[in-house]
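The residues making up each chain are set out below.
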Amino acid sequence: MSDDMLAAKSDIDPNLSWRWATPDDAEQVVAYMRKLGAYQKMSDAIIATPASIRGLLEKGQGEAIFCLYDGAPIGFAYFCEKSSAFTGRSGIFIDGFLIDEQMRHKHAGRFVMSALCQIALGRGCQLLEWGCLDWNAPAITFYQGLGAYCLDDMRIYRLTPDQMHTVAEMAPYRGSN
């Protein structure tokens with residue numbers, strides 16, 4: 001976390017603030033990812049462990065912020081930096097974003113998205129991207145209300161570690177790094 005901003009208060013609601021997650025928060029990040037997985041009806045897809053998230057946070061391969069209300073966590077965003085050869089731009093990819101249900105419609109989501117935009121712009125990024133499930137109409141409405149648009153013609157593909165090993169063996173690289 002190279003950003004100068006360690007935490008910020010909201011102009012929207014003085015009770016809202018955010019703080020950076022540290023490696024010691026890995027368990028809380030995983031807890032929020034599990035809540036997100038349950039909401040998205042894909043709990044089985046959440047295989048992250050506190051140890052794996054700790055490692056990502058320690059190496060700077062992932063980052064997270066927590067949204068707080070009166071100092072208590074009410075949401076989070078997990079993200080990483082990315083770049084695009086299509087656009088020649090750098091950006092932030094949001095991999096997990098959730099506001100606790102009882103705090104939705106109280107501007108916390110807008111506050112977190114504003115914080116992520118400030119972080120991205122502060123780093124010289126020109127993109128902020130994330131995925132959203134087709135059926136999640138409340139989230140789609142929220143994102144469109146921010147001015148975001150959907151890349152309808154793009155699908156995300158993924159290989160698991162086992163699949164990566166299989167593909168890697170198809171044409172082993174024999175050069176030096």
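This report concerns the structure included in the present document. Source: prediction; values computed, not measured. (Residues numbered from 1 in each chain as written. Predicted model: local features only at pLDDT ≥ 70, side-chain atom pairs only at ≥ 80, totals over all residues. Heavy atoms only, no water.)

1. Some details on the side chain of Glu63
Along the chain, Glu63 turns up in strand β3 (residues 63-69). Of the polar contacts made by the side chain of Glu63, one reaches the side chain of Arg123; its length is 2.6 Å. (Helix = DSSP H or I, 4+ residues; strand = E, 2+ residues; numbered from the N terminus. Polar contact = N/O pair within 3.5 Å; in protein donor to acceptor, adjacent residues only side chain to side chain.)

2. Overview of the pairing of strand β6 (residues 127-130)
Here is the key point about a regular strand: its side chains alternate between the two faces of the sheet. The sheet contact formed by strand β5 (residues 89-99) and β6 spans four bridges and is parallel. Looking at β6, one finds that Gly91 is bridged to Leu127. Each parallel crossover has a hand, and for β5 linked through helix α3 (residues 108-122) to β6 it is right-handed. (Pairing = 2+ DSSP bridges. Right-handed = clockwise from strand over helix to strand, strands pointing away.)

3. So, a nonpolar patch on the surface
Together, Leu159, Met164, Val167 and Met170 line one region of the surface with nonpolar side chains, adding up to about 410 Å² of accessible area. Relative to the assigned elements, Met170 resides in the segment after α5 (161-168). (Patch = residues over 30% accessible without salt bridge, like charges linked within 9 Å, V, L, I, M, F, W, Y side chains within 5 Å. Areas by Shrake-Rupley, 256 points an atom, 1.4 Å probe, with all protein chains shown as cover. Salt bridge = Lys/Arg side-chain N within 4 Å of Asp/Glu carboxyl O.)

4. Things to note about the packing of aromatic side chains
If you walk through the whole model with that rule in mind, you get seven aromatic pairs. Measuring from centroid to centroid gives 5.4 Å for Trp18 and Trp20, while their planes differ by 75 degrees, and the two rings are edge-to-face. Like Trp20, Trp18 is buried. Here the aromatic cluster, defined as three or more aromatic residues joined through ring pairs, consists of Trp18, Trp20 and Phe79. The ring of Trp135 carries the charged tip of Lys41 above its face, separated from the ring centre by 4.0 Å. (Phe/Tyr/Trp six-rings, centres within 6.5 Å; stacked < 30°, edge-to-face > 60°. Buried < 20%, exposed > 50% of the residue type's maximum accessible area, 1.4 Å probe, protein only. Lys NZ or Arg CZ within 6 Å of the ring centre and 35° of its normal.)

5. What about the nonpolar core?
The biggest cluster of nonpolar side chains holds 24 residues, and the ones touching the most others in it are Ile65, Cys67, Phe97, Val112 and Leu116. Taken together, the elements giving at least two residues each to this core come down to β2 (16-20), β3, β4 (72-84), β5, α3 and α4 (137-145). Counting residues per element, this core draws most heavily on α3, at eight residues. The contact partners of Val112, leaving out residues within four places of it in the chain, are Ile65, Cys67, Ala77, Phe97 and Ile99. Of all hydrophobic cores here, the second largest spans 15 residues; its members include Val30, Ala64, Leu68 and Tyr78. (Core = buried A, V, L, I, M, F, W, Y, C linked by side-chain atoms within 4.5 Å. Contact = heavy atoms within 4.5 Å.)

6. Looking at the pairing of β2
By the criterion of burial, β2 is predominantly enclosed, with four of the five residues buried. With five bridges joining them, β2 and β3 adopt antiparallel strand pairing. Its bridge partner lying in β3, Ser17 is registered against Leu68.

7. Some words on the layout of surface pockets
Over the atoms, a rolling probe the size of a water molecule traces out where space has been left empty. The calculated volume of the second largest pocket comes to roughly 230 Å³. Looking at the lining of the second largest pocket, its residues break down into five nonpolar, one polar and one charged. (1 Å grid on protein atoms, 1.4 Å probe; cavity = no way out; pocket = protein on both sides within 12 Å on 5 of 7 lines; lining within 4 Å. Points joined across faces, edges and corners; volume = space filled by probe spheres on them. Nonpolar A, V, L, I, M, F, W, Y, C, P; charged D, E, K, R; others polar.)

8. Focus: the packing of helix α1 (residues 26-39) against helix α2 (residues 50-59)
The N-to-C vectors of α1 and α2 enclose an angle of 115 degrees; their axes lie 8 Å apart at closest approach. By the angle between their directions, the pair α1 and α2 is classed as roughly perpendicular. Taken as a pair, α1 and α2 cross one another with a handedness that is right-handed. Of the residues in α2, those touching α1 at Ala26, Glu27, Val29 and Val30 are Pro50, Ile53, Arg54 and Leu57. (Axes fitted to C-alpha atoms, helices over the stretch in contact; angles between N-to-C directions. Parallel < 35°, antiparallel > 145°, perpendicular 65-115°, else oblique. Left-handed = near helix turned anticlockwise from the far one by under 90°.)

9. Comments concerning the pattern of salt bridges
Pairing between side chains of opposite charge can happen when their charged atoms approach one another. Applying the stated criterion across every chain, the model contains seven salt bridges. The closest approach of N and O atoms between Arg54 and Glu58, which form a salt bridge, is 3.5 Å. Taken as a pair, Arg54 and Glu58 lie in helix α2 at a separation of four residues, close to a single helical turn. Looking at Arg54, the relative accessible area reads 31%, which means it is partly exposed. Salt bridges here are not isolated pairs; linked through shared partners, they connect Asp24, Arg54 and Glu58.

10. Describing the side chain of Ser84
Secondary-structure assignment places Ser84 in strand β4. A polar contact of 3.2 Å, which involves the side chain of Ser84, links it to the backbone nitrogen of Phe86. Ser84 has contacts with Arg89 and Leu127, leaving out every residue within four places of it along the chain.

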